[in-house]
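Take a look at the letters that make up each chain.
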Amino acid sequence: MNSTMDKIREIEIGNLKPATFIRDQVAAISEAVGNGVAVNALSGGVDSSVVTLLGHRALGPRLKTYFIENGIMREGEAKRVAALFRRLGVKVEVIDARKQFFSALAGIDDPEQKREAITQTFYKTVFGPLVKKSGARFLLQGTNYTDVEETVAGVKRQHNILAQLGIDTVKTFGYTVLEPIIQLRKTGVRKVARLLDLPKEIWDRPPFPGPALAARVIGPVTPERIAIVRAATAIVEQELASSGAFQYLAILHQDKVTGVRGGRRQFGLQIEMRCWESTDAVTATPTPLPFAKLALLADRITDEVDGVVSVTYNVTKKPPSTIEAV
């Protein structure tokens, strides 16, 4: 771990000068790409959004920005994000890859195998042809310092960690990966986002995992199970948006439990809620939400999400827990 991490000099939040950071990264992207073309995948999260605007400032129309509709994002995300960035002067092409991702995830329960399936589908099946078509030799991506740290330490494999694991991206995928924010943790990325004039709905939104909602489904990932956790996610994000917490999410469990509806037994689904206080995602503590808020969340989820009969709240710190479940 040390040899890999020593090659990346973390810029701690107290030492970050956002204006200088933006200037340096725009210049570095320009120098690396030269007169060529680069591509990037925009998910709407703060990491990919910052990288998109850094690349846009450096390359203008020579940056080809794609939103990969993988079927495992929040409700309506592709349309919303594409419209938002069009207003910022960035053209976003939406690529429908739902079939490829669900096919790759079919029958997989193991968390690491899920991540590997998403990695291969994203970089090889979907992005490989896009890069080839565009003529680009570079991919800009929003890897941050914590992504690398957790992967190298063996906590969990982040799907966007490649070179740090010894993967030759040129040989394997046909392009070089550029990672402009790899020296920053999430708090630092948010500060840069604000100076880039990204709207609050981007820089202040809760973190979302690279494997998207597949990271919040324990067990098989199917369109039906994703629809359930997507609906629960929307409720959790609506109710906790004003909480001031670092991150909040819903998880669909694999095991079913006994419930009662209309005086009859219903063998139904379990949703686990998590809400975190953190500054760097390395350590975190559960937010002490009022019981009335927890009860409201439970009522809404069981009333509005088909098949859910049990809602729980995680009260375990990180470590030994992690922020995401998978």
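Remember, predicted model here, so these are calculated numbers, not experimental data.

Colleague: Any chance you could explain the nonpolar core here in plain terms?
Modeller: In this structure, Val 50, Ile 68, Phe 85 and Phe 127 are the most contacted members of the largest nonpolar core, which totals 89 residues. Broken down by element, this core gets its largest block of residues, 8 residues, from helix H6 (residues 111–134). Beyond its immediate chain neighbours, meaning those up to four positions away, Ile 68 contacts Ile 95, Ala 97, Phe 101, Phe 122, Val 126, Phe 127 and Leu 130. In this structure, Leu 249, Ala 281, Ala 284 and Ile 323 belong to the second largest nonpolar core, which totals 7 residues.

Colleague: Honestly, helix H5 (residues 98–105) in this entry has me stumped. Any pointers?
Modeller: Note: α-helices contain 3.6 residues per turn, so residues at a spacing of three or four share the same orientation. Regarding H5, the residues found buried are Phe 101, Phe 102 and Leu 105. One face of H5 carries all of its buried residues, which in axial projection span an arc of 95°. If you follow the buried residues of H5, they end up packed against strand E2 (63–69), H6 and helix H11 (223–240). Of the residues trailing H5, Gly 107 is marked for its positive phi of about 80°.

Colleague: Please explain the sheet that holds strand E3 (residues 92–96) as it appears in this structure.
Modeller: Sheet strands line up and pair through hydrogen bonds in the backbone, either parallel or antiparallel. Taken together, 5 strands build an open sheet; the order of strands is E3-E2-E1-E4-E5 and the sheet is parallel. In the strand order of this sheet, the two ends are held by E3 and strand E5 (176–178), each with one partner. Within this sheet the neighbouring strands show an average axis-to-axis angle of 30°, counted without direction. Alignment of strand E1 (residues 38–41) against E2, held across 4 bridges, turns out to be parallel. In the strand pairing of E2, Ala 38 is matched with Leu 63. Taken strand by strand, helix H3 (residues 46–59) contacts E1, E2 and strand E4 (138–140), and its axis lies near 155° from that of E2.

Colleague: Teacher, can you tell me more about the pairing of strand E8 (residues 264–277) here?
Modeller: Across a regular strand the side chains alternate sides, sitting on one face of the sheet and then on the other. Of the strand pairs in this sheet, strand E6 (residues 247–252) and E8 are connected by 6 bridges, and their pairing is antiparallel. Within E8, the position partnered with Tyr 248 by the bridge is Cys 275. For strand E7 (residues 257–261) and E8, the ladder comprises 5 bridges, and the chain directions are antiparallel. Bridging from a neighbouring strand, Thr 258 pairs with Phe 267 of E8.

Colleague: Please explain the packing of H11 against helix H12 (residues 291–304) as it appears in this structure.
Modeller: The axes of two packed helices give the description: the angle between them and the distance between them. Relative to each other, H11 and H12 sit at 150°, their axes nearing to 10 Å. Between H11 and H12, the angle falls in the class roughly antiparallel. Note that H11 runs across H12; the crossing there is right-handed. Residues Ile 235, Val 236, Gln 238, Glu 239 and Leu 240 of H11 form the contact with H12, whose participating residues are Lys 293, Leu 296, Leu 297, Arg 300, Ile 301 and Glu 304. Taken together, the residues of the contact of H11 with H12 break down into 6 nonpolar, 1 polar and 4 charged.

Cut-offs applied
Residues numbered from 1 in each chain as written. Predicted model: local features only at pLDDT ≥ 70, side-chain atom pairs only at ≥ 80, totals over all residues. Heavy atoms only, no water. Core = buried A, V, L, I, M, F, W, Y, C linked by side-chain atoms within 4.5 Å. Buried < 20%, exposed > 50% of the residue type's maximum accessible area, 1.4 Å probe, protein only. Helix = DSSP H or I, 4+ residues; strand = E, 2+ residues; numbered from the N terminus. Contact = heavy atoms within 4.5 Å. Arc of directions from axis to C-beta. Pairing = 2+ DSSP bridges. Axes fitted to C-alpha atoms, helices over the stretch in contact; angles between N-to-C directions. Parallel < 35°, antiparallel > 145°, perpendicular 65-115°, else oblique. Left-handed = near helix turned anticlockwise from the far one by under 90°. Nonpolar A, V, L, I, M, F, W, Y, C, P; charged D, E, K, R; others polar.

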